[in-house]
Amino acid sequence: MKRIAITAGASSLLTLLLVYGLGAATAMTRETVLENVRVEVIERSIPSGGERTPYIRPTDQVIVFLNDASYDRIDSRTGETISRSRKAGEVIWHSRGEMAPKLVNTGSGPFRSLIIQLKDRDLTQ
């Protein structure tokens with residue numbers, strides 16, 4: 001009976017560690033912090049070991065890195081991996097329609113950025 005209780009306890013502990021450890025490693029958060037007819041600003045956080053899945057960029061985007069970041073950029077067509085490092089305050093541009101690659105945070109902490117999505121608008125107004 002004692003052996004069963006110890007085995008059950010160890011199994012429960014291992015399950016909790018796996019569920020919370022792996023879940024925390026892959027959970028990316030996105031929060032819209034400003035939106036109007038011209039722009040949507042999203043704060044994104046990718047925890048250490050977490051991933052962003054590939055997607056096609058719906059708009060032109062300005063990305064502002066809020067902290068130092070290290071990540072692998074994995075091309076979805078070729079599988080090529082490029083390691084990148086960015087400094088807090090660094091700004092990059094991406095054009096509408098580009099294929100955004102898979103990103104994997106290789107840093108020791110979360111990597112945070114602002115995604116500023118420029119909306120199409122009628123310039124005659």
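Each remark here, short or long, concerns the structure printed above.
Residues numbered from 1 in each chain as written. Predicted model: local features only at pLDDT ≥ 70, side-chain atom pairs only at ≥ 80, totals over all residues. Heavy atoms only, no water.

J.: Which residues make up the overall build of the chain, and what values go with them?
T.: On a plain count of helices and strands, the chain comes out with one helix and eleven strands. When its helices and strands are written in sequence order, the chain yields α-β-β-β-β-β-β-β-β-β-β-β. Scored against the burial criterion, the 125 residues of the chain give a buried share of 27%. Of the contacts formed within the chain by residues at least 6 apart in sequence, a portion of 71% connects residues at least 24 apart. Total accessible area on the chain is roughly 8300 Å²; 58% of this is exposed by carbon and sulfur atoms. (Helix = DSSP H or I, 4+ residues; strand = E, 2+ residues; numbered from the N terminus. Buried < 20%, exposed > 50% of the residue type's maximum accessible area, 1.4 Å probe, protein only. Contact = heavy atoms within 4.5 Å. Areas by Shrake-Rupley, 256 points an atom, 1.4 Å probe, with all protein chains shown as cover.)

J.: How would you explain the nonpolar core if you had to name every residue and give the values?
T.: Taken as a class, soluble globular proteins show a tendency for nonpolar side chains to be buried jointly. One finds Ile42, Ile46, Ile63, Phe65, Ala69, Tyr71, Ile92, Leu103, Phe111 and Ile115 forming the largest nonpolar core, which totals ten residues. Those elements that provide at least two residues to this core are β2 (39-46), β5 (60-65), β6 (69-74) and β11 (111-118). Not counting chain neighbours up to four residues away, the residues in contact with Ala69 comprise Arg84, Ser85, Arg86 and Phe111. (Core = buried A, V, L, I, M, F, W, Y, C linked by side-chain atoms within 4.5 Å.)

J.: Describe the pattern of salt bridges, with residues and values.
T.: Counting across every chain of the model gives six salt bridges. Lys119 is the salt-bridge partner of Glu35, the closest N and O atoms lying 2.8 Å from each other. Taken together, the residues Glu35 in strand β1 (residues 29-35) and Lys119 in the segment after β11 connect sequence positions 84 residues apart. Close ionic contact of Glu43 with Arg112 constitutes a salt bridge, the shortest N to O distance being 2.7 Å. Here the residue Glu43 occupies a position in strand β2, and Arg112 occupies one in strand β11, the gap between them amounting to 69 residues. (Salt bridge = Lys/Arg side-chain N within 4 Å of Asp/Glu carboxyl O.)

J.: Can you lay out the side chain of Glu40 for me, pointing to particular residues and giving the numbers?
T.: The residue Glu40 is located in strand β2 in this model. Buried within the structure, Glu40 lacks any salt-bridge partner; its nearest side chain of opposite charge belongs to Lys119, at an N-O separation of 5.5 Å. Of note is the side chain of Glu40, whose polar atom sits 2.9 Å from the side chain of Thr32. If we ignore the near neighbours within four places in the chain, the residues touching Glu40 are Thr32, Leu34, Glu35, Ile115, Ile116, Gln117 and Lys119. (Lys, Arg positive; Asp, Glu negative; His and termini not counted. Polar contact = N/O pair within 3.5 Å; in protein donor to acceptor, adjacent residues only side chain to side chain.)

J.: Give me the lowdown on the sheet that holds β2, citing residues and values where you can.
T.: Taking strand neighbours across the sheet as the criterion, the five strands line up as β1-β2-β11-β5-β8 in an open arrangement whose pairing is antiparallel. In the strand order of this sheet, the two ends are held by β1 and β8 (91-94), each with one partner. The average undirected angle you get between the axes of adjacent strands in this sheet is 20°. Relative to β11, β2 runs antiparallel, the two being bridged by eight bridges. Note that in β11 the partner of Ser45 across the bridge is Arg112. (Pairing = 2+ DSSP bridges. Axes fitted to C-alpha atoms, helices over the stretch in contact; angles between N-to-C directions.)

J.: Tell me about the pairing of strand β10 (residues 102-105), and please be specific about residues and values.
T.: Where strand β3 (residues 51-52) and β10 come together, two bridges link them in antiparallel fashion. Bridge pairing links Arg52 to Leu103 in β10. In this structure, β6 lies alongside β10, joined through four bridges in antiparallel fashion. Within β10, the residue paired with Tyr71 across the bridge is Asn105.

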